[in-house]
Amino acid sequence: DYPTDTLLPHMKLGLNVKTKNNRFLTSWKNSYDPSSGSFSYKLEIPRHGLPEFLMWRSGGPAFRSGPWDGIRFSGIPEMERWKFVNIVYNFTENKEDIAFTFRVTTPDVYAKLTMRFDGFLELSTWDPEMLEWNVFWVTSTSDCDIYMGCTPYSFCDMNTTPKCNCIKGFEPSNPQGGAMNNTSTECVRKTQLNCKGDGFYWLRNMKLPETSGAIVDKRIGLKECEERCIENCNCTAFANTNIQDGGSGCVLWTRELADIRRYVDAGQDLYVRLAAVDLVTEKGNNNSRKTRTIIGLSVGATALIVLSFTIFFFWRKHKQARGIALYTDLVFSILTSFSFLFCLLSCLNKTECGQTGGRLNLLDTTDDDDLKLPLMEYDVVAMATNDFSISNKLGEGGFGTVYKGRLIDGEEIAVKKLSDVSTQGTNEFRTEMILIAKLQHINLVRLLGCFADEDDKILVY
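All values derive from a computational prediction rather than experimental measurement. (Residues numbered from 1 in each chain as written. Predicted model: local features only at pLDDT ≥ 70, side-chain atom pairs only at ≥ 80, totals over all residues. Heavy atoms only, no water.)

1. Describing the overall build of the protein chain
Along the backbone of the protein chain there are 5 helices and 27 strands. Here the protein chain holds 461 residues, and 44% of them are scored as buried. At a minimum sequence separation of 6, the contacts of the protein chain that also span at least 24 residues come to 58%. (Helix = DSSP H or I, 4+ residues; strand = E, 2+ residues; numbered from the N terminus. Buried < 20%, exposed > 50% of the residue type's maximum accessible area, 1.4 Å probe, protein only. Contact = heavy atoms within 4.5 Å.)

2. A few points about the environment of Leu407
With respect to the element layout, Leu407 can be found in the loop between β24 (400-406) and β25 (412-418). Residue classification places Leu407 among the buried residues on the basis of a relative accessible area of 15%. Those residues in contact with Leu407 that lie beyond four places of it in its chain are Met376, Val380, Ala384 and Ile413.

3. Structural notes on unusual backbone geometry
Across the junction of Thr161 and Pro162, the peptide omega takes the value 0 degrees, indicating a cis bond. The residue Pro162 is located in the loop between β13 (154-156) and β14 (164-166) in this model. Even without glycine at this site, His10 takes up a positive phi of about 75 degrees. Looking at His10, the relative accessible area reads 58%, which means it is exposed. The phi dihedral of Met148 falls on the positive side, at around 55 degrees, and the residue is not glycine.

4. Concerning a nonpolar patch on the surface
Together, Tyr110, Trp126, Leu131 and Trp133 line one region of the surface with nonpolar side chains, adding up to about 440 Å² of accessible area. Locating Leu131 in the fold gives a position in the loop between β11 (121-127) and β12 (132-138). Since its relative accessible area comes to 60%, Leu131 is described here as exposed. (Patch = residues over 30% accessible without salt bridge, like charges linked within 9 Å, V, L, I, M, F, W, Y side chains within 5 Å. Areas by Shrake-Rupley, 256 points an atom, 1.4 Å probe, with all protein chains shown as cover. Salt bridge = Lys/Arg side-chain N within 4 Å of Asp/Glu carboxyl O.)

5. Overview of the packing of aromatic side chains
Overall, the coordinates contain 18 aromatic pairs when judged by the stated rule. Where Trp82 meets Phe100, the ring centres are 6.4 Å apart and the plane angle is 75 degrees; that geometry is what we call edge-to-face. Taken together, the residues Trp82 in the loop between β7 (60-64) and β8 (87-93) and Phe100 in strand β9 (residues 97-104) connect sequence positions 18 residues apart. With a relative accessible area of 1%, Trp82 lands in the buried category. (Phe/Tyr/Trp six-rings, centres within 6.5 Å; stacked < 30°, edge-to-face > 60°.)

6. What to know about the sheet that holds strand β10 (residues 111-115)
A sheet is described by the order of its strands in space; here 4 strands give the open sequence β1-β10-β11-β12, paired in antiparallel fashion. Of all strands in the sheet, those bounded by a partner on one side alone are β1 (6-7) and β12. Examined bridge by bridge, β11 and β12 share 6 bridges and lie antiparallel to one another. Bridge pairing in β12 places Asp127 opposite Glu132. (Pairing = 2+ DSSP bridges.)

7. Concerning the pairing of β11
Judged by how many residues are buried, β11 sits mostly within the fold: 6 of 7 residues are covered. Across 5 bridges, the pairing between β10 and β11 is antiparallel. Across the sheet, residue Lys112 finds its bridge partner in β11, namely Ser124. Two successive antiparallel strands, β10 and β11, enclose a turn made up of 5 residues, where Gly119 displays a positive phi of approximately 95 degrees. The antiparallel hairpin formed by β11 and β12 contains 4 residues in its connecting segment, where Leu131 sits at a positive phi of about 55 degrees.

8. Considerations on the pattern of salt bridges
Inspection of every chain in the model, using the stated rule, returns 18 salt bridges. Glu93 is the salt-bridge partner of Lys218, the closest N and O atoms lying 3.0 Å from each other. Pair noted here: Lys218 is in the loop between β18 (215-217) and α1 (222-231) and Glu93 is in strand β8, with a separation of 125 residues, a long-range link. The class for Lys218 is partly exposed, based on a relative accessible area of 46%. For the salt bridge of Arg116 with Asp118, the shortest nitrogen-to-oxygen distance reads 2.9 Å.

9. Notes on the nonpolar core
One finds Tyr41, Trp82, Phe100, Phe102 and Leu113 to be the most contacted residues of the largest nonpolar core, which totals 29 residues. Elements represented by at least two residues in this core include exactly β2 (13-16), β5 (36-44), β6 (52-57), β8, β9, β10 and β11. With near-sequence residues (within four places) excluded, Phe100 lies in contact with Leu7, Met11, Lys12, Leu13, Phe53, Phe73, Met79, Trp82, Tyr89, Asn90, Phe91 and Leu113. Counting 22 residues, the second-largest nonpolar core is a separate cluster that includes Leu50, Met206, Ala237 and Leu257. (Core = buried A, V, L, I, M, F, W, Y, C linked by side-chain atoms within 4.5 Å.)

10. Observations concerning the pairing of strand β20 (residues 250-253)
Burial along β20 is two-sided: the residues Cys250 and Leu252 and Val251 and Trp253 are all buried. Of the pairings in the sheet, the one linking β18 to β20 comprises 3 bridges and is antiparallel in character. Among the inter-strand pairings, Val216 is bridged to a residue of β20, identified as Val251. Sheet topology note: the strand β19 (residues 237-239)/β20 ladder contains 3 bridges and is antiparallel.

11. Considerations on the sheet that holds β13
Judged by pairing direction, the sheet is mixed, and its 8 strands sit side by side in the order β14-β13-β21-β17-β22-β19-β20-β18 without closing on themselves. Two strands lie at the open edges of the sheet, namely β14 and β18, each paired on one side alone. This sheet shows a mean twist of 35 degrees between the axes of neighbouring strands, independent of strand direction. Packed on one face of the sheet, α1 meets β17 (199-207), β18, β19, β20 and β22 (268-274) and runs near 165 degrees to β19. (Axes fitted to C-alpha atoms, helices over the stretch in contact; angles between N-to-C directions.)

12. Focus: the side chain of Asp97
Residue position: Asp97 is located in strand β9. In this structure Asp97 comes out as buried when scored by relative accessible area, which is 8%. Of note is the side chain of Asp97, whose polar atom sits 2.8 Å from the side chain of Lys12. A polar contact is formed between the side chain of Asp97 and the side chain of Arg23, at a distance of 2.9 Å. What Asp97 contacts, discounting residues up to four positions off in sequence, is Lys12, Leu15, Asn16, Val17, Arg23 and Thr92. (Polar contact = N/O pair within 3.5 Å; in protein donor to acceptor, adjacent residues only side chain to side chain.)

Shape descriptors only; they carry no functional weight alone.
Put into C-alpha cells, the structure is as follows:
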C-alpha cells in the first residue's frame, strides 16, 4: 500500500476505491538519502474527466501522463517498448481499483519500476550473470514533456521550429510578432464560434488535452460524440476515450485545450471545434497543396521523357562498341535508379491520414493481390533501427535518410526513410514499389519491404 520509490510486478499504483488509499511513488532525497525527496508520481482523479498520472515537483505539476487510451497512456507512448523485455501492463478502472499495474510474462525474470531522486521513472531488469540491474527504459526528457510547456490552444511538436504551434483556426495573440516565438505566446481564435454552423478540425497523433472538467461517456462512439459536441455550444473539442478496435467512448472538452503534444507515431485523433469560415480557409489550403502536387507530377513526367531519349541515344552510340551486355546492365541500372527516384518523390503531398492506434500501411490493400508487394510493419522497421536512432544513421541525401538495422532473425538491413519534400501520393508510391519489386538483376540490391501511410514512406533493402 505504500510503495515508496519502487513498484514491483503485480503491485498497484493508484486508488483503492474501498479504502480510499491512493498509492503513489515518492523519490529519495538524493542518491544516498532515502528520506522523501522533491518528486512524486500520483494518480489524479477529477470529479469530471479522466484519471491521469501527474509528476509533482515541490508541490507543482511537472509532467502529465495523459489519459489511458486502452493501450497506453497517451503521453507516454514509449511504454509500448516494455513488451520487448516480456513485460505487460494494464490500467484498471472498476469498483475496487483505479490503478496501474505491470507483470513479467517470462519465469525467473525480475523487474522493477523506480522513481529516481531526479524525477525520472526507470524500468530495470535483473541480470543474474552480472548480478546487477540493467536499465531498459527511462521516461522521456524532451521539451514537449514539460507540463504546460506551450500555452492553451497550442501544441508542442519536437519536429517544428519553434516547438509550440497554434492549432489551425487560432493565431498568436500578437499578430505583429508573427509566429509562436516563445512558449509564453498565447493563441486566440481567429473567428469566434457561432454555435450553429461550426465544424471540426482533425488533429492526428495527439496527446489529448488535460481532461479536468471534461464530460465523459464511455457507452457511445465517435459519431454520437460529435453530435453531442455540436449540440453543446460550450464544447471546444471531442475524442474517443479508447482507440482499440476502431475507437469507442467519448470525451468532450468544454474548457480551454491545454498541455497538448503532437507525436510522429503515437497519440490519437482530436477534433477541435472551429468557426465555419476557418474550416473553409483550411480546405482552400488543401486545394493549393493539390495544385502543387499536379505541377510536381508534370515536371516529373517531363524529366522522364528527357531521360528516356538520353538513354536511347546513349545506347545507339555504344551498343556496337561495348556489346549487348553493357546495354543490359545500363538499362537495368538506369530504370532502377529512375524508379527509385520517382518513389522518393512520392511523399511531397504529405496530407496526413487519420489513425486510431498503430500505423496503417496504405500499400496493404485487398486489390491486385497477385502483385505481392513486399510489405512491412512500421513497428518492425522502427525496432530494427532502434526507433531510427541517430547512432544507426548511415547517411543522408536530398531524398531522405538511410539507417542501418537488424531484423529479429538477425538479418542486416538498410532502411531509407523518405523526406517530407515529395509530390506523389500513396497510390503512385505503391505503383513504383511494384516496379522495383519485380526488377531482378545481379547488380541490383533486393527490396525486402516497404511501408507508406502518408506520414512516412519507407524502403527496406
